[in-house]
Structures are given as structure tokens and as C-alpha cells.
Amino acid sequence: AKVAAARYGKDNIRLYKVEKDEATKTHTVYEMTVRVLLEGDIQTSYTQADNSVVVATDSMKNTTYIMAKKNPVHPPELFASILGTHFIEKYKHIHTAHIDIIQHRWTRMTIDGKPHPHSFYRDGEEKRLVQAQIIEGKGIEIRSGISDLLVLKSTGSAFHHFVRDEFTTLPEVWDRILSTSVDAGWKWSTFSGVDAVKRDVALFDATWVKAREITFKLFALEESPSVQNTMYKMCEQILAAQPAVEAVDYSLPNKHYFEIDLSWHGGLKNTGKDAEVYAPQSDPNGLIKCTVTR
Ligand SMILES: O=c1[nH]c(=O)c2nn[nH]c2[nH]1
């Protein structure tokens, strides 16, 4: 028997960093959860209990905090690249670092119409994601993304002309609620190293903002004929907006809201064009995925 694949490290490293602008007394805060997994010549730690090749996961946690102190932690794409590069440069037997970052929202409060210098609130469980692979001799592969962005529209969505056979009960619908929790990602062309990431550092925030805007705008404005078609258009527009991105992927659960027929109660109309009261469904849910490339 042999080790076909192995990677190990520390998961769920919670990290907060504050940047203090002395001149304006304005603080900016970042909070994230980091995962470090290392790959390399580590097979003997599995097969022969040879711990001489093991960088302790505790040391990876320590390293994450030290690198966060010494380097910028934003954009997360840059921090992931710096952190991963440290591991493959420091340890000759480590050849790939997998760095995943989940950035949590701390949105600045507006008090008396003005942005408050050091107060923030969690406006939703939406996350900003980075999955980076720092590969010795190859470069840095980064997928940026958004997750858990819960959206709903009360009309402007339809679904009809789908397969109708002996298994079909779903009625065709021309006007339905559409709700989903957006998980989207965009894969960058491979960067040669940290310096290349630093040269393009402005692209990461700009593309995250743009991808988010495109998602909101198409979700709201499209007379959606299906989840499939609307998500494809989102992917198309993100690709068109950023030449340095080579692929875009979306994974959208269809979070159903079922009409409730109340006609048994004195003929109360609550279906079709009279539908106002619905039953939100936690399961089962549709799940529609796609990846779009140039
Ligand atoms: O947008 C939709 N796509 C589908 O594939 C589907 N299936 N049931 N409802 C659906 N809605």
C-alpha cells in the first residue's frame, strides 16, 4: 500500500486584524477564518511515523498570526498568496500550500449620517471567499468568490415548457417567487508568484464588487425564464468584465415557496394571480450549477 495523496494542516483559524489610521483616527477591521493545508514529501509521517517531516499544525496557526501581523490581510487574495508562499519557501520538503480564507462582513455604521470611525455591524451572513493553491515551480492559482448571499424576488421569474411526462406534476408557472443563496466563484489565470499578485492587487476588490453588482442587477432585472439561464448570464457578464478571470462558476439552490390553496375556506382565493400567502420550503430544494469559460 502507498499514500496516493496527502495534505494536512490547521482548519478554522479565526483571525481579526484592525488597521488604525492615526491621522483620521479611523479604524478598519477584518475578520476571517483561515484554513492551511500543506502538501509535499510528507508520506513517511503517515507510513513510518516519521515526525521529522511534520511542521506541527499548531506552528501553522502561529505562522498565520505572525504573517497577519507583519503583512496586509486585505485583499484576502494577497494574504493567502503571502501566507502560502511563506510555507513553500520556509520548508524545502513542502511543495504546495492550500490556503482557504472565509472573510466575514463587518460593515461600518453610519451615525448621524456619517461613517463611524470604529463601529461596525454584521449585515448578513454573506461571505467573501478565497481558495488559493501556492504551487512550487508553478505559481499561484486563485479562486475568489461569494457565498451565502441570500436573495429573493417576489415576481419576475417563470418556469415553463419543461419536460412533461408521466413523472411530471409540477404546473407550468409564468409568475413565481425566486429565492436562492448565491455561491459564486471566479478563477484567475495563474499568477507566477506573489509579486504578480501584488501587481494585480487592485483587481481583487474591484472584481468582487463587480461580480456582486452583476449578481444583484441580473437577479433583479431579468425576467428569469429559469435559474439556469439567469446564472449563465451572470457568468457571461463577469467574464466580460475581467479579462484576468478564466472561468466563472455558480451554484444556486432553488429555495421554493409553495402556493397555499385556501379555497376550502369559503372559497378564499390564494392561488395563481391571487396568491399572497405562501409556504417557504426548507427542503427539498433545487440545486443548479454551472461553470462558464471563454
Ligand atoms: O429554474 C428552475 N430550473 C429547474 O430546473 C427547475 N426544476 N423545477 N423547478 C425549476 N426551476
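This text goes with the structure placed above it.
If you're wondering where the values come from, they're calculated on a predicted model, not measured in any experiment.

Novice: Got a minute to help me understand the packing of aromatic side chains in this structure?
Specialist: Where two aromatic rings form a pair, the distance of their centres and the angle of their planes describe that pair. Per the counting criterion, the structure on display carries four aromatic pairs. Ring centres of Trp-188 and Phe-204 lie 5.0 Å apart, and the angle between their planes is 75 degrees; this geometry places the pair in the edge-to-face category. Of this pair, Trp-188 sits in strand β8 (residues 178-188) while Phe-204 sits in helix α5 (residues 201-221); the two residues are 16 residues apart in sequence, bridging distant segments of the chain. Considered together, Trp-188 and Phe-204 belong to a single accessibility category, that of buried residues. Positioned above the aromatic ring of Trp-106 is the side chain of Arg-122, whose terminal nitrogen or guanidinium carbon lies 4.3 Å from the ring centre. Lying across the ring of Phe-219, Lys-153 places its NZ or CZ 5.7 Å from the centre.

Novice: What is the right way to read the layout of surface pockets from this model?
Specialist: By rolling a water-sized probe across the atoms, one finds the places where empty space is left. Within this model, the largest pocket holds a volume of roughly 700 Å³. Lining the largest pocket are 24 residues, and of these Val-173, Asp-175, Arg-176, Ile-177 and Tyr-257 lie nearest its centre. Within the residue set of the lining of the largest pocket, elements represented by two or more residues are α6 (227-241), β10 (257-259) and β12 (286-293). The greatest single-element share of the lining of the largest pocket, amounting to three residues, is contributed by β10. Grouping the constituent residues of the lining of the largest pocket by class yields 12 nonpolar, seven polar and five charged. Volume-wise, the second largest pocket comes out at about 370 Å³.

Novice: Got a minute to help me understand empty space enclosed by the protein in this structure?
Specialist: Within the structure shown, the criterion is met by one cavity of 30 Å³ or more. Counted as a void, the largest cavity has a volume near 70 Å³. Taken together, the elements giving at least two residues each to the lining of the largest cavity come down to β8, α5 and α6. Counting residues per element, the lining of the largest cavity draws most heavily on α6, at four residues. By residue class, the composition of the lining of the largest cavity is eight nonpolar, three polar and no charged.

Calculation notes
- Residues numbered from 1 in each chain as written.
- Predicted model: local features only at pLDDT ≥ 70, side-chain atom pairs only at ≥ 80, totals over all residues.
- Heavy atoms only, no water.
- Phe/Tyr/Trp six-rings, centres within 6.5 Å; stacked < 30°, edge-to-face > 60°.
- Helix = DSSP H or I, 4+ residues; strand = E, 2+ residues; numbered from the N terminus.
- Buried < 20%, exposed > 50% of the residue type's maximum accessible area, 1.4 Å probe, protein only.
- Lys NZ or Arg CZ within 6 Å of the ring centre and 35° of its normal.
- 1 Å grid on protein atoms, 1.4 Å probe; cavity = no way out; pocket = protein on both sides within 12 Å on 5 of 7 lines; lining within 4 Å.
- Points joined across faces, edges and corners; volume = space filled by probe spheres on them.
- Nonpolar A, V, L, I, M, F, W, Y, C, P; charged D, E, K, R; others polar.

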